Amino acid sequence: MENFIKEVLSASNRGVSAAKNVSGEPNWSFGQSLFFACTVITTIGYGHVTPLSQEGKLFCMLYALFGIPLTLVLLTALVDRLMIPTTKYLHFLNSRLGHLYPPFTIRLLHFGTILGTLIFLFLLLPAAMFTYLEPEWNYMDSLYYCFISLTTIGLGDYIPGDAPDQKYRPLYKLMITGYLVVGLVCVMLTLSIYYDIRQLNFGVLFMLENDETRSIDPEKMHLQEPGINRTKYTNEKDSPTSLEDTTPIHSIP
């Protein structure tokens, strides 16, 4: 019996399912391989599929060594692009509500609306879809999977698309890969917006005085200064002005 169990486990590691005595696709189909590659370079790492050969392990190490930094660069560039419409939305809120609420309140409203939208689009809604697509998952299981995946914890106890009778497995895995990449971009976007709210950035408490002075960006502190209506997260190429020139504009001949 022990030898039989070892054979079953060995076959399962190579993609041969023993459940219901069916023969499914191998672990290294294109869809499964793409899904595995995504979990490696995004550092999610479920661990349900692993390379067994020495060559495969070596390639996985080299792939992660170069793929993880490049993926981080790509995700950071996408977040910078997405900061443009979010900054425009902050401009809109400040122009509409700047005379009614302080800058900190406007930033909280801006962050709260974006956070609520992303939670609905990338946690609540996908969890409902996984509940429908995965027969053995309830809504809590699906929500748990979405959270564990998008936070890159990747425990690997719930993996979508691994049912023995899963239909269109490669396409399903491809769609999940896209969901994970886009979801990680949105998580990084949320953290970037949160980091720009100085009152909520607790990392400032652990900074030295000199480091805190160097880290202050005047363009990012405009909402904390009263009487200033300019709003932007990123630096703009403004013409340099002298700090010693305090002459009012109306007095210049």
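Residue positions are given per chain, counted from 1 along the sequence in the order it is written. Since the coordinates come from a predicted model, pLDDT governs what is reported: local features require at least 70, and pairs of side-chain atoms require 80 or more to be given and counted, while whole-chain, interface and lining totals use all residues. For side-chain calculations, the full set of non-hydrogen atoms in the structure is used, while hydrogens and water are omitted.

1. Section: the overall build of the chain
The line we're drawing: Only DSSP runs of H or I covering at least 4 residues are called helices, and only runs of E covering at least 2 are called strands; the numbering of each starts at the N terminus. Only protein chains enter the area calculation, which uses a 1.4 Å probe; residues under 20% of their type maximum are buried, those over 50% are exposed, and those in between are partly exposed. Calculation of accessible area relied on Shrake-Rupley with a 1.4 Å probe; when residues are assessed, cover is drawn exclusively from the protein chains displayed.
If you tally the helices and strands in the chain, you get 7 helices and 0 strands. Put simply, the chain runs from its N terminus to its C terminus through helices and strands in the order α-α-α-α-α-α-α. Counting over 253 residues, the chain shows a buried share of 32%. Of the roughly 16,800 Å² of accessible surface on the chain, 67% is carried by carbon and sulfur atoms.

2. With respect to the confidence of the model for the chain
Formally: Residue-level confidence of the predictor, termed pLDDT, takes values from 0 up to 100. Two residues form a contact once any of their heavy atoms are found within 4.5 Å.
For the chain, per-residue confidence averages 81 on the pLDDT scale, and residues scoring 70 or more make up 75% of the total. No element of the chain has a lower mean pLDDT than helix 7 (residues 209–215), which averages 55, and none a higher one than helix 5 (residues 139–150), which averages 96. Confidence drops under a pLDDT of 50 for residues 223–253, and excluding neighbours within four residues, the segment shows 39 contacts in the predicted structure.

3. So, the side chain of E134
What counts here: Pairs of N or O atoms within 3.5 Å make up the polar contacts considered here, provided that, within protein, one atom can donate a hydrogen while the other can accept it, and that residues adjacent in sequence are counted only when both atoms are side-chain atoms.
Within the secondary structure layout, E134 lies in the loop between helix 4 (103–133) and helix 5. At 2.9 Å, the side chain of E134 forms a polar contact with the backbone nitrogen of G161. Residues within four places of E134 in sequence aside, it is in contact with P160, G161, Q166 and Y172.

4. A short note on unusual backbone geometry
Peptide bonds are, in most cases, trans, and in most cases residues other than glycine have a negative phi. Non-glycine residue T152 carries a positive phi angle of around 60 degrees. As for its placement among the helices and strands, T152 is situated in the loop between helix 5 and helix 6 (169–195). In the Ramachandran plot, Y168 falls in the positive-phi region, its phi being about 50 degrees despite a non-glycine side chain.

5. Observations regarding the packing of helix 3 (residues 54–97) against helix 6
We count it as follows: Comment: axis = line fitted to C-alpha atoms, over the contacting stretch for helices; angle = value between 0 and 180 degrees taken between N-to-C directions. Angles are sorted into four bins: roughly parallel if under 35 degrees, roughly antiparallel if over 145, roughly perpendicular if 65 to 115, and oblique for all others. Crossings are classed by handedness, with left-handed meaning an anticlockwise turn of the near helix from the far one by less than a right angle and right-handed meaning a clockwise turn. Polarity classes work like this: nonpolar for Ala, Val, Leu, Ile, Met, Phe, Trp, Tyr, Cys and Pro, charged for Asp, Glu, Lys and Arg, and polar for all others, with Gly in that last group.
The geometry of helix 3 relative to helix 6 is characterised by a closest axis approach of 9 Å and an angle of 60 degrees between their N-to-C directions. The pairing of helix 3 with helix 6 is recorded here as oblique in orientation. The interaxial crossing formed by helix 3 with helix 6 has right-handed handedness. Where helix 3 abuts helix 6, its residues L72, L75, T76, L78, V79, L82, M83 and T86 lie against V181, V185, M188, L189, S192 and I193. In terms of residue class, the contact of helix 3 with helix 6 is built from 11 nonpolar, 3 polar and no charged.

6. Some remarks on a nonpolar patch on the surface
The test is simple: Patches in this entry comprise residues that are over 30% relatively accessible and not in a salt bridge; like charges within 9 Å are linked, as are nonpolar side chains (Val, Leu, Ile, Met, Phe, Trp, Tyr) within 5 Å. A pairing counts as a salt bridge when a side-chain nitrogen of Lys or Arg comes within 4 Å of a carboxyl oxygen of Asp or Glu.
Together, L115, I119, F120, L121, L124, L125, M129, Y132, L133 and Y139 make up a nonpolar patch on the protein surface, roughly 920 Å² of accessible area in all. Top contributing element to the nonpolar patch by residue count: helix 4, with 9 residues. Along the chain, Y132 turns up in helix 4. When its relative accessible area of 72% is taken as the criterion, Y132 is described as exposed.

7. Let's talk about the environment of R107
Mapped onto the elements, R107 comes out in helix 4. In the structure, R107 is positioned 17 residues away from L90 in sequence and 7.5 Å away in space, judged by C-alpha atoms.

8. Remarks on helix 2 (residues 30–41)
As a reminder of what qualifies: A helix is expected to span 1.5 Å multiplied by its residue count minus one.
Taking 1.5 Å of rise per residue, 12 residues should cover 16 Å, and helix 2 covers 17 Å from first to last C-alpha, within 8% of that figure. Within helix 2, burial applies to G31, Q32, F35, F36, A37, C38, T39, V40 and I41. The inward-facing, buried residues of helix 2 contact helix 3, helix 5 and helix 6.

9. Focus: the packing of aromatic side chains
Selection criterion: The pairing test for Phe, Tyr and Trp rings, Trp by its six-membered ring, is centres within 6.5 Å, and the orientation test on the planes gives stacked under 30 degrees, edge-to-face over 60, and tilted for anything in between. The rule for a charge over a ring is simple: NZ of Lys or CZ of Arg within 6 Å of the ring centre, and within 35 degrees of the ring normal.
Under the defined criterion, the tally for this structure stands at 10 aromatic pairs. Their ring planes at 15 degrees and their centres at 5.7 Å tell us that F35 and Y46 sit as a pair that is stacked. Residue F35 is found in helix 2, and its partner Y46 is found in the loop between helix 2 and helix 3; the two are separated by 11 residues along the sequence. On the basis of relative accessible area, Y46 is assigned to the buried category, the value being 6%. Measuring from centroid to centroid gives 5.8 Å for Y144 and Y158, while their planes differ by 75 degrees, and the two rings are edge-to-face. Of this pair, Y144 sits in helix 5 while Y158 sits in the loop between helix 5 and helix 6, and the two are 14 residues apart along the sequence. Since its relative accessible area comes to 25%, Y158 is described here as partly exposed. Against the face of F35 rests K173, its NZ or CZ located 4.4 Å from the ring centre.

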